[in-house]
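Commentary on secondary and tertiary structure
Residue strings, one per chain:
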Amino acid sequence: MIKIDYRLNAEKLIAYCDKVEKLIGTPIALEKYNKRCNYFFKTIEKRDLVLYGQIKRQTDYICGLQHAYPKLINSVRHYAHLETALTLDTEVMVKIISHVKKYFVKDGLIKLNHEAVTQGLKNSKLTSYGDLRKRRGRLKAKGGTFYKIISKPILYDCLHALFAEFIEIYAKFVSQKINQWIVDETGVRVCPYCNLAYVYNREKHATAQLDHFLNKSEYPMFALSFYNLVPSCPACNHIKSDSDGEMASPYEKDVFSDVVINWYPKQSSKSLHGKWELTEIENNIEIVIETGNNQVQNNVQNMALETAYNKHLDYASEVLLKTQTYMNSESQALIKKTFQDMGITNEDIERYYFGGYLEAEALHKRPLSKMTHDFVSDYKASSKKYDDFLK
Ligand SMILES: [Zn+2]
């Protein structure tokens, strides 16, 4: 829900490629993958020139760096196509995936599904390449007619095989501390998917996991790609890994700009009159996450984010009450005066009072900041809901 506002600059891009290339190993292995990446991109060029143009821009940028930073470049480096794959933007990777599904997967699945129906297997429809791979794995030992059908290669199997080793290479990221490097570099402190859990390194231990935004077993060509590795909390990473939906990546520009975490009185609840305790507020509200973006909606659903937020109604009730109190001009003057008398600057008062950051650009620094920010914005837009609820 919070975007990761980080881009690799020239030096960091080179540093990242260096780390990965060391893992890939010998110049022969590097050259092999450089050629494979080039081959992969060329297959795109044949069908989608606009998309190929976007890929080529990254390759041109990398070639430019090799001239601009000769001292930083290893003697063995001239693997622009491999480096392009390692540093492609999320948006471009997502477009490539949709290209792959359209031209390399779709027909194959239609054919296999048709064959299954012809053989009387009506309830076994394959829905995606990931589904095909899972079922091949599950049915391999058992065999049977359906396995015979689905074990027939489809077009994408060849492309997939070219990059299958990237998954094994990625497995070495932990021992080489590349995952920790990514977390430190991006400055992610709180999981960008949920804004609920801290993620950072504790000396040699990483508490953040890297989520492959595009599933590595389905799309191994991006298993090592920087912007495909999203520092995230174990819960989000775990839940998301089982999801096939098309979701939003925290690296995408402004993708989360219209998400709002909102509270509503429960349908059964009445307005709270007179004196009430925090537990009463807690028991009478629910959290709803609202967005007009379908991808973000998929994030919310696939990662059960509303359920997660509704586990924090105690905190929500405190924020709700703080908002109501702070936004009231009389009590705000009193609160401000109290803090000013303590020597706290005006800029810091809201942070002290709410126990979190309210500025949009700082929401990634503390769990639940997004919810606090959204409650305050909601109140500013209209206080009616608050006034009706807390009479
Ligand atoms: Zn999370």
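Residues numbered from 1 in each chain as written. Predicted model: local features only at pLDDT ≥ 70, side-chain atom pairs only at ≥ 80, totals over all residues. Heavy atoms only, no water.

Turning our attention to helix 18 (residues 369–381). An ideal rise of 1.5 Å per residue puts 18 Å on 13 residues; helix 18 measures up with 18 Å between its terminal C-alpha atoms. Here helix 18 lies mainly inside the structure; ten of its 13 residues are buried. In this structure, the buried side of helix 18 is in contact with strand 5 (260–265), strand 6 (285–290), helix 14 (305–309), helix 15 (313–327), helix 17 (346–354) and helix 19 (384–389). (Helix = DSSP H or I, 4+ residues; strand = E, 2+ residues; numbered from the N terminus. Expected span 1.5 Å × (residues − 1). Buried < 20%, exposed > 50% of the residue type's maximum accessible area, 1.4 Å probe, protein only. Contact = heavy atoms within 4.5 Å.)

Time to look at the coordination of the zinc ion. Coordination sphere of the zinc ion, protein contribution only: Cys191 (SG), Cys194 (SG), Cys233 (SG) and Cys236 (SG), at 2.3 Å. Bound by four donor atoms, the zinc ion shows angles of 106 to 115° at the metal and therefore tetrahedral coordination geometry. Binding-site remark: the zinc ion is held by donors from one chain whose sequence spacing is C-x2-C-x38-C-x2-C. Comparing Cys233 with Cys236 shows no difference in burial state: the two are buried. (Donors = N, O, S within 2.8 Å, 3.2 Å for Na, K, Ca; no water. Tetrahedral: all angles 85-135°; square planar, octahedral: opposite > 155°, others 65-115°.)

Turning our attention to the packing of helix 3 (residues 49–68) against helix 4 (residues 80–87). Contact pair helix 3 / helix 4: the axes reach a minimum separation of 9 Å and the direction vectors enclose 115°. In terms of crossing hand, the pair formed by helix 3 and helix 4 is right-handed. Contacts between helix 3 and helix 4 pair Ile55, Gln58, Thr59, Ile62, Cys63 and Gln66 from the former with Ala80, His81, Glu83, Thr84 and Thr87 from the latter. Partitioned by chemical class, the residues of the contact of helix 3 with helix 4 number four nonpolar, six polar and one charged. (Axes fitted to C-alpha atoms, helices over the stretch in contact; angles between N-to-C directions. Left-handed = near helix turned anticlockwise from the far one by under 90°. Nonpolar A, V, L, I, M, F, W, Y, C, P; charged D, E, K, R; others polar.)

Let us look at the nonpolar core. Counting residues in hydrophobic clusters, the biggest one holds 109 residues, and the most contacted among them are Tyr16, Ile24, Phe40, Ile96, Tyr156 and Phe173. With ten residues, the top contributor of residues to this core is helix 5 (residues 90–118). (Core = buried A, V, L, I, M, F, W, Y, C linked by side-chain atoms within 4.5 Å.)

Each pair of packed helices gets described by two things: the angle between the helix axes and the distance between those axes. Axis separation between helix 1 (residues 10–24) and helix 3 bottoms out at 11 Å; the angle between their running directions is 95°. In this view, helix 1 runs roughly perpendicular relative to helix 3, as classed from their interaxial angle. Across the interface between the two elements, Ala10, Leu13 and Ile14 from helix 1 touch Gln58, Tyr61, Ile62 and Leu65 from helix 3. Of the residues belonging to the contact of helix 1 with helix 3, the class tally is six nonpolar, one polar and no charged. (Parallel < 35°, antiparallel > 145°, perpendicular 65-115°, else oblique.)

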